Amino acid sequence: MLSIRTQMLGLVGALLALILGMQGVYLNLSKADLLSEQIGMRALNVAKTVAVIPELVDAFDSPDPAAIIQPIAERIRAETGAAYVVVGNRDEIRYSHPVPERIGGRMVGDDNAPALIEGRSYVSLATGTLGEAMRGKTPVRRASGEIIGVVSVGFLQEKVSQDVGRSLYLGWLMIAASVLLGLTGALWISMHLKRLILGLEPHEIARLVNEKEAILQSIHEGVVAVNREGRITLLNQSAKRTLGIQDGRDFLGVPVDQLVPNSRLQEVLTSGERQFDRELWVGDVPVIVNRVPIFNPQGDVDGAVSTFRSQQEIRELYSALKKVSADADVLREQAHEFSNRLYTISGLLQLNQIDEALALIHQEGRIEQEEVRFVLQHLKNPVLGAMLLAKMNTARQKHIQFELDSNSSLEVMLTQSGQDVLLKIISNLINNAFDAVRERPDVVPRVRLFFTDLGDQVLIEVEDSGPGVDPEALALITQQGYSTKPGEHRGIGLALVQRIATLYAGDVYLEEGELGGACFVVTLDKMQISHADVMEE
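An account of the accompanying structure is given in this report. Just so we're clear, the structure is a prediction, and the values are computed from it rather than from any experiment. Sequence order sets the numbering: in each chain, residues are counted from 1 along the sequence as written. Reporting of local features is limited, given that this is a predicted model, to residues whose pLDDT is at least 70; pairs of side-chain atoms are given and counted only at 80 or more, and all residues count toward the totals for whole chains, interfaces and linings. Each side-chain value is worked out from all heavy atoms of the structure, with water and hydrogens disregarded.

1. Quick notes on the pattern of salt bridges
Quick reminder of the rule: What makes a salt bridge here is a side-chain nitrogen of Lys or Arg within 4 Å of a carboxyl oxygen of Asp or Glu, nothing more. The classification of residues rests on relative accessible area computed with a 1.4 Å probe and restricted to protein chains. Under 20% of the type maximum is buried, over 50% is exposed, and intermediate values are partly exposed. Secondary structure elements follow DSSP: runs of H or I of four or more residues count as helices, runs of E of two or more count as strands, with numbering from the N terminus.
The final tally for this structure, using the stated rule, is 11 salt bridges. We note a salt bridge from Glu 267 to Arg 264, for which the minimum N-O separation is 3.2 Å. Residue classification places Arg 264 among the partly exposed residues on the basis of a relative accessible area of 39%. In this structure, Glu 514 and Arg 448 form a salt bridge, with 3.2 Å as the shortest nitrogen-oxygen distance. Placement of the pair is Glu 514 in the loop between strand 13 (507-512) and strand 14 (518-525) and Arg 448 in strand 11 (residues 446-452), with a sequence separation of 66 residues.

2. Examining helix 13 (residues 416-437)
Here is the rule we go by: A helix is expected to reach a length of 1.5 Å times the quantity of its residues less one.
Taking 1.5 Å as the rise per residue, helix 13 with 22 residues should run 32 Å; its terminal C-alpha atoms sit 32 Å apart, in good agreement. The buried count for helix 13 comes to 16 of 22 residues, which makes it a mostly enclosed element.

3. Side note on the packing of aromatic side chains
Short version of the rule: A pair of aromatic rings is counted whenever rings of Phe, Tyr or Trp (Trp by its six-membered ring) have centres within 6.5 Å, and the orientation is called stacked for planes under 30 degrees apart, edge-to-face for over 60 and tilted otherwise.
For the structure shown, the criterion picks out 2 aromatic pairs. Their ring planes at 65° and their centres at 5.2 Å tell us that Phe 60 and Tyr 95 sit as a pair that is edge-to-face. Note that Phe 60 is positioned in the loop between helix 2 (54-59) and helix 3 (65-80) and Tyr 95 in the loop between strand 1 (84-89) and helix 4 (113-116), a separation of 35 residues in sequence. Relative to Phe 434, the ring of Phe 402 has its centre 6.0 Å away and its plane inclined at 80°; by these criteria the two rings are edge-to-face. Pair noted here: Phe 402 is in strand 10 (residues 401-404) and Phe 434 is in helix 13, with a separation of 32 residues, a long-range link. The same class applies to Phe 402 as to Phe 434, namely buried.

4. Quick word on the sheet that holds strand 10
Note the following rule: Pairing between two strands requires that DSSP report at least two bridges joining them. To obtain an axis, a line is fitted to C-alpha atoms, over the contacting stretch when the element is a helix, and the angle between two such axes runs from 0 to 180 degrees between their N-to-C directions.
The sheet built from 5 strands is open, its strands ordered 10-11-12-14-13 with mixed pairing. Pairing within the sheet leaves two strands with one partner each, and these edge strands are strand 10 and strand 13. Neighbour-to-neighbour, the strand axes of this sheet turn through a mean angle of 15°, independent of strand direction. Summarising the sheet, strand 10 and strand 11 pair through 4 bridges and their orientation is parallel. Residue Leu 404 lies in a different strand from strand 11, and its bridge partner there is Leu 449.

5. Focus: the sheet that holds strand 5 (residues 222-227)
With antiparallel pairing, the 5 strands of this open sheet are ordered in space as 6-5-9-8-7. With partners counted over all chains shown, the strands left at the sheet margins are strand 6 (232-235) and strand 7 (275-282), one partner each. In this sheet, neighbouring strand axes are inclined to one another by 25° on average, regardless of whether the strands run parallel or antiparallel. Direction of pairing for strand 5 relative to strand 6: antiparallel, over a ladder of 3 bridges. Bridging from a neighbouring strand, Val 224 pairs with Leu 235 of strand 6.

Right, dumping it as structure tokens:
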């Protein structure tokens, strides 16, 4: 396969040669015709000048016209460069000729009639005694206007062709120089283009583009690229999912601030500085963002790329790893406790205390059954119920008294989004409460949950026996990234709860609880998280 440089050189060279060649042929043919016409007019003008010379006209009445006319004609022929200047009478008898021996002979060519009979001046191409020539002919008149002869001035066609050829030579030379210059330019352009595309061939570029597209669409991180004007040039599938783009719209060329108002890519385009591991909210999703500028070969910022990944996913992974470690500790405790129970049951059986042994066996199962029964009676949504049972089990493993207020109830039929909203809010509040009660080892750890959908709002209340929170700090602790707990990936739960509550026409409050710690209250608009038809019923 020919390289891109060879293909460009061949294509541009062929086009230049074809275009300039066609143009050259046309122009040179036109120029040749024009030169031939000019030579013919020159011959005619010389003939007209000779025909009005007084000495030449008077010589027609002399006894020997040739003796007077021949010297005049030869002098003019020599001065004008004509092949011949022939003067003849009405009978076409020559009075002058470059070959003196032919004076007195009859003019040849049979093209004198228009001049001698009609009195016209004209240019003709005919063959005379000296060969084919471009001839200018005009009548010779007396003062009275009577036609007494004819003047014929000729330039040999061979000489005309040579003159035209010499004149056209420069034109063809210019065309050849233009083709050569064009080929040189094409060679330079092809080499420059080759450098710009890093020495790659078109099929290699196509392969790299396909590979890049496949890689971008397969990675889990969202990728957004913009040009120097801040307009989107690339948006992969992960970015579209994070941004909530579901309708397949093409956002290429759209200003990035129009799609992500707080992207801060414009800062990178202006400063040219990299930004790593920055926190950002994209809709309801907290993400970790990296932003880097793109520099052109001249060192100027030519665009920017932003990659981001869900902070919630990182937090969930962190929580999952932490939970695995915690579960391992709990399993060890449970194994030890279960072993003690087995020994206790074995001792009771050896003492023949069968009723006490059976009561001890059924004790744990009875507690769990009561919890399941309570959840089924107060919650219509099975997913929320399963989550609460899991939290109860976690609390039992962590030796936390988890209380579900007996007046709690949630009868409304939730939409899918409403279910997700309540899962996030209740789960985050309970997790925060579990963490808070550990900070007071001198107090029995207790967490209480209350929820209700009476009225136009859904109300959720989570209270704990932890150290509590200053009510004036509520605005601060609901900010993204703020946390009183050490470690990374903190300060997300309460910020997410606040954002969700605001999104669903609610709010987050901090009240004084009965357990001595913090009491968080969240309100939501019931109409926005439930089915409208159910509400109407």
